[in-house]
Number of protein chains: 2
Amino acid sequence: MKVFGIDPGSERTGYGCLDTDGSRHRLIVCGAVSTSPRASFPEKLLLIHQTLRRLLAEQRPDCVAVEDVFYAKNVRSALKLGHARGVALLAAVEGGYPLYEYTPAEIKRTVVGYGRAEKAQVGEMVRLLLGLDEVPTPHDASDALAVAICHVHSTHGDAHEVMAAAARSARRSPKSWREYRP
Amino acid sequence: MKVFGIDPGSERTGYGCLDTDGSRHRLIVCGAVSTSPRASFPEKLLLIHQTLRRLLAEQRPDCVAVEDVFYAKNVRSALKLGHARGVALLAAVEGGYPLYEYTPAEIKRTVVGYGRAEKAQVGEMVRLLLGLDEVPTPHDASDALAVAICHVHSTHGDAHEVMAAAARSARRSPKSWREYRP
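To start, this report covers the structure provided alongside it.

Calculation rules
Residues numbered from 1 in each chain as written. Chains lettered and ligands numbered in written order. Predicted model: local features only at pLDDT ≥ 70, side-chain atom pairs only at ≥ 80, totals over all residues. Heavy atoms only, no water. Buried < 20%, exposed > 50% of the residue type's maximum accessible area, 1.4 Å probe, protein only. Helix = DSSP H or I, 4+ residues; strand = E, 2+ residues; numbered from the N terminus. Pairing = 2+ DSSP bridges. 1 Å grid on protein atoms, 1.4 Å probe; cavity = no way out; pocket = protein on both sides within 12 Å on 5 of 7 lines; lining within 4 Å. Points joined across faces, edges and corners; volume = space filled by probe spheres on them. Nonpolar A, V, L, I, M, F, W, Y, C, P; charged D, E, K, R; others polar. Salt bridge = Lys/Arg side-chain N within 4 Å of Asp/Glu carboxyl O. Axes fitted to C-alpha atoms, helices over the stretch in contact; angles between N-to-C directions. Parallel < 35°, antiparallel > 145°, perpendicular 65-115°, else oblique. Contact = heavy atoms within 4.5 Å.

Moving on to the pairing of strand β1 (residues 2-7) of chain B. All names here are of chain B. Taking burial as the measure, the six residues of β1 include five buried ones, the bulk of the element. Pairing of β1 with strand β4 (residues 63-67), which is carried by four bridges, proceeds in the parallel orientation. Pairing of Gly-5 across the sheet is with Ala-65, part of β4.

Set out below in structure tokens:
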């Protein structure tokens, strides 16, 4: 099974794809979409969306796991993060992939065994579980791999499936809107 | 000049397109993308994005004006609104349209003459300025038309242009990301 993990962020969106038989995992690709500080915010969104769409089309994973977020420093950073996460989810849904969401605490608990683990501990477990010599960098990439590993190890996958059947029929055209033409 | 206004929201995204010579405006189309309460959140994002893309391709406006937001009730609603606004901006940027953003206060000040105007006052001014018999419904549609009218009447358009030159070259492929393949 191929799992594609995403850790969305407005400055850097991490991604990681792994192949697994359920207990042994193999890293296929990981990285982060880093946007230029000179780019406008809409340009950043475009880059995140285009890159994820390209990678998903290249990898054709069996499912996509995305970090879920309920918390942000303030309303302003929540708005920014929401924009980035929105275009990341869109890339997955457009591709028709079953989509799963996990909170940061679930990811840490599943990967490290402790819901309040430090970033470094998560990175180290990702390194060990994937049999790598070094922790993948930047940390957004290893965070995305942690989401993917969380999905594989989670026994409650079904509870987190937010779009499976629906995603498969994603290419149907939208039906529900109200419109007025004079 | 054809201006396409968007008022993004996670439950309902308003849109409105008008034709103008700078002082007289004519309504072309307006409406709102309303998502089913049964739809998953990613499905809602897909519907918003697909509908706006289709409408923009249909209308080919000279520019797109979107309501800017800095405020939300709380972090949770900011995150939700951010997702919807993210896919709305993406639709505009993908189409390569010059993109302008206006805050709710700027829109009210420009359309009604008072930055803290009530929703009903905005609707009534939209009705008058477009020479309509009734205020367009739902209110998200007339709010979107207010953003478009704000853009036309704003003498500071340039200051609000967030993506013009960049948008025109939007179809270039993304260049900036870091990737690791074992």
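When its volume is computed, the largest pocket comes out at roughly 760 Å³. Lining the largest pocket are 28 residues, with B:Asp7, B:Glu67, B:Val69, B:Pro104 and B:Lys119 sitting closest to its centre. Considered class by class, the residues forming the lining of the largest pocket number twelve nonpolar, five polar and eleven charged. Quantified by volume, the second largest pocket comes out at close to 650 Å³. What lines the second largest pocket is a set of 25 residues, among which A:Asp7, A:Glu67, A:Val69, A:Leu81 and A:Lys119 lie closest to the centre. For the lining of the second largest pocket, the secondary structure elements donating two or more residues are α2 (75-94), α3 (104-111), α4 (119-129) and α5 (139-153) of chain A. It is α5(A) that contributes the most residues to the lining of the second largest pocket, five residues altogether.

Attention now goes to the pattern of salt bridges. Using the criterion set out here, one finds 20 salt bridges over all chains in the structure. Of the charged contacts in the structure, one is a salt bridge between A:Asp140 and A:Arg12, with a shortest N-O distance of 2.8 Å. Of this pair, A:Asp140 sits in helix α5 while A:Arg12 is found in strand β2 (residues 12-20), placing the two residues 128 residues apart along the sequence. For A:Asp140, a relative accessible area of 8% puts it in the buried group. Residue B:Arg26 is joined to B:Asp19 by a salt bridge in which the shortest nitrogen-to-oxygen separation is 3.5 Å. Several salt bridges share partner residues, and in doing so they unite A:Glu11, A:Lys44 and A:Lys80 into one network.

Residues and elements named next belong to chain A. Here the residue pair Thr-137 and Pro-138 is connected by a cis peptide bond, since its omega of -10° sits within 30 degrees of zero. Tracing the sequence through the fold places Pro-138 in the loop between α4 and α5. Notably, Arg-60 is not glycine yet its phi reads approximately 45°, a positive angle. Topologically, Arg-60 is positioned in the loop between α1 (41-59) and β4 (63-67). By relative accessible area, which is 53% here, Arg-60 ends up exposed.

Inspection of the secondary structure puts B:Ala120 in helix α4 (residues 119-130). Residue B:Ala120 is classed as exposed on the basis of its relative accessible area of 62%.

This paragraph deals with the packing of α1(A) against helix α2 (residues 75-94) of chain B. Contact pair α1(A) / α2(B): the axes reach a minimum separation of 9 Å and the direction vectors enclose 90°. By the angle class used here, α1(A) and α2(B) are roughly perpendicular. Within the contact between the two elements, α1(A) uses A:Pro42, A:Leu45, A:Leu46 and A:His49 and α2(B) uses B:Gly86, B:Leu89, B:Leu90, B:Val93 and B:Glu94. When grouped by side-chain class, the residues that make up the contact of α1(A) with α2(B) number six nonpolar, two polar and one charged.

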